Amino acid sequence: MLKLTPNIHHIHDVFLYRTFMAGNGKALATLLVSLLFLALLPMPSTAQGGLPGSISMECSDDPVMDVKPGEYQDETVECTVTNDGSVLAENVEITQEWDGVFISMSISEDSFTLEAGDSQDFTVTFVGEARLDSEITYEFTITATVTAWGPLPVEGTPLSNVANHTGDITVNKYGQVTLDIPDTSSRNMKTSEEVSITFQVDNDGNAVDTIEIRINNADELEALGFVIQSGAFLSARDVQPDGVSEQLEFIIRAPSNAAEEIRKTIVIEASSTNDDSSDIVDFDLIVEAEEESAGLGAGLSEVSTDDLALYGAIGGGVLFVIFLLIIIGRVSKRTSKNKVADEITEEPAIEIEDDDEFDFDLDFDDDEFLADDLDSMLDDL
């Protein structure tokens, strides 16, 4: 807070000296009017407050601009100017010093009049845009200048008082990450087989970031028998803005046994350490059921009752046909022997026609057949 507290008589002497030394007629006239005007004023005392032209200014904290996409907003600084005098109204002019490039600065009020003891608020607004670099910082200065005491102009004279506020505007850093896994299809695995999940992370924020990558449901996977060989947590350090990390990978081994198919979703999350930004990718891990052993018991277990009955009937039929063919063969052989013996004793020989070649005379009512031929056939079996 700046206050003007010089001796009024000293001010008059200095002002008079500078005016006559300059030889400016207009300034002399102003001086004479000022002297006449001041002569009519009561001399200030401690109880009456500051001298005419005394001014002070207070402003809020330095602004920090949030430039994250979707969250950007302009920043403001609120200032208050007070006429610390107790006699005259003051005309005040507000100016700024600013050299910003990516951010602009504006003031809501550039001049106003303050009665003795009164205050006036004004707003300084800073406008930028989303995605500004976090390293941007600009200094600014706001100046309040007394240009007149009532009707008396004092700008550019020792009677003009000035109050300043200097600050900095900075850009807040933010994180925005992308988890880039080229293959997000289901992973088909066999028991004890290992699979590699490769990926990179992109830093879409406005500052250098350390990005953490973790398997969120690692405990659930391990409970099913999966083994995370690489560990469930990885880190990509010092990834530059608009940069990409080196290639990383999770290595996972399937359970060593699976009586039935195992299917579980794996959830992978990448998160920024600059703020709470994150990106999540998930897909399925599928482990095939183990095949049953190829032994007899396993084969029978896969055959239904109806199939067994069918195979039994076919097998029985085949055995019956084989048995029947054996009987027919034996009977045919014995019959041939009898015919040969008859041919030796009887003359002349009897010719057998072709049609009778396979005509077997099987008289099953003959007791001799049953006793001799059938018994001998069975003996041969």
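About the criteria used
- Residues numbered from 1 in each chain as written.
- Predicted model: local features only at pLDDT ≥ 70, side-chain atom pairs only at ≥ 80, totals over all residues.
- Heavy atoms only, no water.
- Helix = DSSP H or I, 4+ residues; strand = E, 2+ residues; numbered from the N terminus.
- Buried < 20%, exposed > 50% of the residue type's maximum accessible area, 1.4 Å probe, protein only.
- Polar contact = N/O pair within 3.5 Å; in protein donor to acceptor, adjacent residues only side chain to side chain.
- Pairing = 2+ DSSP bridges.
- Lys, Arg positive; Asp, Glu negative; His and termini not counted.
- Salt bridge = Lys/Arg side-chain N within 4 Å of Asp/Glu carboxyl O.
- Contact = heavy atoms within 4.5 Å.
- pLDDT = per-residue confidence, 0-100.
- Phe/Tyr/Trp six-rings, centres within 6.5 Å; stacked < 30°, edge-to-face > 60°.

## Some details on the side chain of aspartate 84
Tracing the chain through its elements places aspartate 84 in the loop between β3 (75-83) and β4 (90-98). Take aspartate 84: its relative accessible area is 19%, and that puts it in the buried class. For aspartate 84, the side chain forms a polar contact with the side chain of serine 56, separated by 3.0 Å.

## Considerations on the pairing of strand β8 (residues 137-149)
Counting buried positions along β8 yields 11 of 13 residues, so the element is predominantly enclosed. Bridge analysis of β4 against β8 gives nine bridges, and the strand direction is antiparallel. Residue pairing in the sheet places glutamate 97 in a bridge with threonine 141 of β8. Examined bridge by bridge, β8 and strand β10 (residues 162-172) share nine bridges and lie antiparallel to one another. Bridging across to β10, threonine 145 finds its partner in valine 162. The hairpin formed by β8 and strand β9 (residues 152-153) contains two residues between the paired strands, and glycine 150 there has a positive phi angle of roughly 60°.

## Side note on the side chain of glutamate 269
As for its placement among the helices and strands, glutamate 269 is situated in strand β19 (residues 262-272). Buried and unpaired, glutamate 269 has no salt bridge, with arginine 214 as the nearest side chain of opposite charge at 5.4 Å. A polar atom in the side chain of glutamate 269 sits 2.9 Å from the side chain of asparagine 216. With residues up to four places along the chain from it excluded, the contact list for glutamate 269 reads Leu179, Glu212, Ile213, Arg214, Asn216, Ser278, Asp279 and Ile280.

## Thoughts on the pairing of β19
Note on strand geometry: in a regular strand, side chains alternate between the two faces of the sheet. The pairing of strand β14 (residues 209-215) with β19 spans five bridges and is classified as antiparallel. By the bridge assignment for β19, isoleucine 215 is matched with isoleucine 268. Here β19 runs beside strand β20 (residues 278-287); their pairing, made up of 10 bridges, is antiparallel. Counterpart to lysine 264 in the pairing with β20 is leucine 285. Between β19 and β20, which follow one another and run antiparallel, lie five residues.

## Structural notes on the confidence of the model for the protein
Residues at a pLDDT of 70 or more form 67% of the protein, whose mean pLDDT is 79. Confidence over residues 1-28 falls short of pLDDT 50; this stretch has 38 contacts with residues more than four positions distant or in other chains.

## Digging into the pattern of salt bridges
In this structure the tally under the stated criterion is six salt bridges. Between glutamate 261 and arginine 263 there is a salt bridge, and its shortest N-O distance comes to 3.7 Å. Classification of glutamate 261 by relative accessible area gives partly exposed; the value is 48%. The partner of arginine 263 in a salt bridge is aspartate 284, and the shortest N-O contact between them spans 3.7 Å.

## Some points on the packing of aromatic side chains
A complete count under the given rule lists four aromatic pairs for this structure. Residues tryptophan 98 and phenylalanine 126 carry aromatic rings whose centres are separated by 5.5 Å and whose planes lie at 55° to one another, so their mutual orientation is tilted. Here tryptophan 98 is found in strand β4, whereas its partner phenylalanine 126 is found in strand β7 (residues 119-127), with 28 residues between them in sequence. The exposure class assigned to phenylalanine 126 is buried, which follows from its relative accessible area of 0%. Both rings, one in tryptophan 98 and one in tyrosine 138, keep their centres 5.5 Å apart while their planes meet at 70°; by these two values the pair is edge-to-face. Of this pair, tryptophan 98 sits in strand β4 while tyrosine 138 sits in strand β8, and the two are 40 residues apart along the sequence.

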